[in-house]
Amino acid sequence: MLTISRATYDAIVAHAKRDHPDEACGIVAGPEGSDRPERLIEMVNAAGSPTFYEFDSTDLLHLYKEMDARDEEPVVVYHSHTATEAYPSVTDVKLAGEPNAHYVLVSTREHGNADGPVEFRSFRIVDGEITEEEISVVAALSPVG
Amino acid sequence: MAIEVRIPTILRTYTAGEKAVNGDGGTLAALIDDLESNHAGIKDRLIDNGDLRRFVNIYVNDEDVRFLGGLEAELKDGDQVVVLPAVAGGAR
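One numbering rule holds for all chains: residues counted from 1, following each sequence as written. Written order determines the labels here, with chains lettered from A and ligands numbered from 1. It should be noted that, the model being predicted, local features are given only for residues of pLDDT at least 70 and side-chain atom pairs only at 80 or more, the latter also being counted only at that level, while totals for whole chains, interfaces and linings use all residues.

Participant: I'm lost on the sheet that holds strand β8 (residues 129-133) of chain A in this one. Help?
Facilitator: Two orientations exist for strands paired in a sheet by backbone hydrogen bonds: parallel and antiparallel. All names here are of chain A. For two strands to count as paired, DSSP must find a minimum of two bridges between them. By definition, any uninterrupted DSSP run of H or I lasting at least four residues is a helix, any uninterrupted run of E lasting at least two residues is a strand, and each is numbered from the N terminus. Here we have 6 strands laid out as an open sheet, ordered β3-β2-β5-β6-β7-β8, and mixed in their pairing. Of all strands in the sheet, those bounded by a partner on one side alone are β3 (39-43) and β8. Across the sheet, the axes of successive neighbouring strands diverge by a mean angle of 30°, strand direction being ignored. Contacts here follow a simple rule: the backbone-placed C-beta atoms of the two residues must lie within 7 Å. Between the N-to-C directions of two axes lies an angle of 0 to 180 degrees, each axis being a line fitted to C-alpha atoms and, for a helix, fitted only over the stretch in contact. Here helix α1 (residues 6-19) sits on the sheet in contact with β2 (25-31), β3, β5 (72-81), β6 (102-107) and β7 (119-126), set at roughly 50° to β6.

In structure tokens form, the structure reads like this:
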């Protein structure tokens, strides 16, 4: 199960709506091994595409070095689909490189940039296997310890 | 001669869980061959049909090797190499 704060959930949705019709992407980092998505980092979609996303290679290196220095890891890797359902595509599965992450998919196909509900789903993608999981949206993550 | 190579989570199955390993080689291609000799299977995750895989990023001293000559990028003692899988995907 993915447990995520309301603020982080809303920020991911806002990012997806803002970048529609292009795909939005980013991560939520948290302390290594904690499974706590604490720090949202919006990334630029270097592909600038409605059907593809990719972190810029220089941005990617900076992001991972920063997480390393802070003893963090990517707890959530999110991106949006803008014309299709919020379910991992063949490409998403083939390129999934973080076996410990929750892969969050948001679909903006219904309302685009406008207000209104979006599809927001979370998956594990390990060795080509997709497993959907429940999402618990909480007012705030519980205090550590 | 030692070059530190940072290994991403998804490839640590080849390094017994180690986040970083040492290797050597005068070029990236030679370094990868050296890694393969100690961590069998890792080469195939980095190279496809004789070229770097499109969705694997390798950096030498913070520079993407695609700008340093790819597999021919020259290496020297003390260089730091970082391997990161691309974060990419999409509906296409």
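Moving on from the coordinates now.
Participant: What's the story with the UniProt feature "domain: MPN" (unreviewed entry) in chain A in this structure? I'm lost.
Facilitator: UniProt positions are given in the numbering used here, feature names are shortened, and annotations may be inferred rather than shown by experiment. Those residues carrying the UniProt feature "domain: MPN" (unreviewed entry) are residues 2-129 of chain A in this numbering. Secondary structure across residues 2-129 of chain A comprises 26% helix and 34% strand; the distance between its end C-alpha atoms is 17 Å.

Participant: Sorry, what's going on with unusual backbone geometry here?
Facilitator: Peptide bonds are mostly trans, and most non-glycine residues show a negative phi. In the segment running from H20(A) into P21(A), the intervening peptide bond is cis, with an omega of 15°. Along the chain, P21(A) falls in the loop between α1 and β2. Unlike most non-glycine residues, D35(A) shows phi in positive territory, near 60°. Relative to the helices and strands, D35(A) resides in the loop between β2 and β3. Remark: C-beta atoms are placed from the backbone, and a residue is labelled buried if 20 or more other C-beta atoms sit within 10 Å of its own, exposed if 12 or fewer do, or partly exposed between those counts. Overall, the presence of 15 C-beta atoms within 10 Å leaves D35(A) in the partly exposed class. Even without glycine at this site, D62(B) takes up a positive phi of about 75°. Looking at where D62(B) falls in the secondary structure, it is placed in the loop between β5 (56-60) and β6 (63-64). Judged by C-beta crowding, with 11 C-beta atoms within 10 Å, D62(B) ranks as exposed.

Participant: I keep staring at the sheet that holds strand β2 (residues 20-23) of chain B and nothing clicks. Help me out?
Facilitator: In spatial order, the strands read β2-β1-β7-β5-β6 (chain B); together these 5 strands make up an open sheet with mixed pairing. Bordering the open sheet on either side are β2 and β6 of chain B, each of which pairs with just one other strand. Note that strand β1 (residues 3-6) of chain B and strand β7 (residues 80-85) of chain B share 3 bridges and pair parallel. Pairing of R6(B) across the sheet is with V82(B), part of β7(B). Along the sheet, helix α2 (residues 57-69) of chain A makes contact with β5, β6 and β7 of chain B, crossing β7(B) at roughly 105°. Of the strands in this sheet, β1, β2, β5 and β7 of chain B touch helix α1 (residues 28-38) of chain B, which is tilted by about 110° from β2(B).

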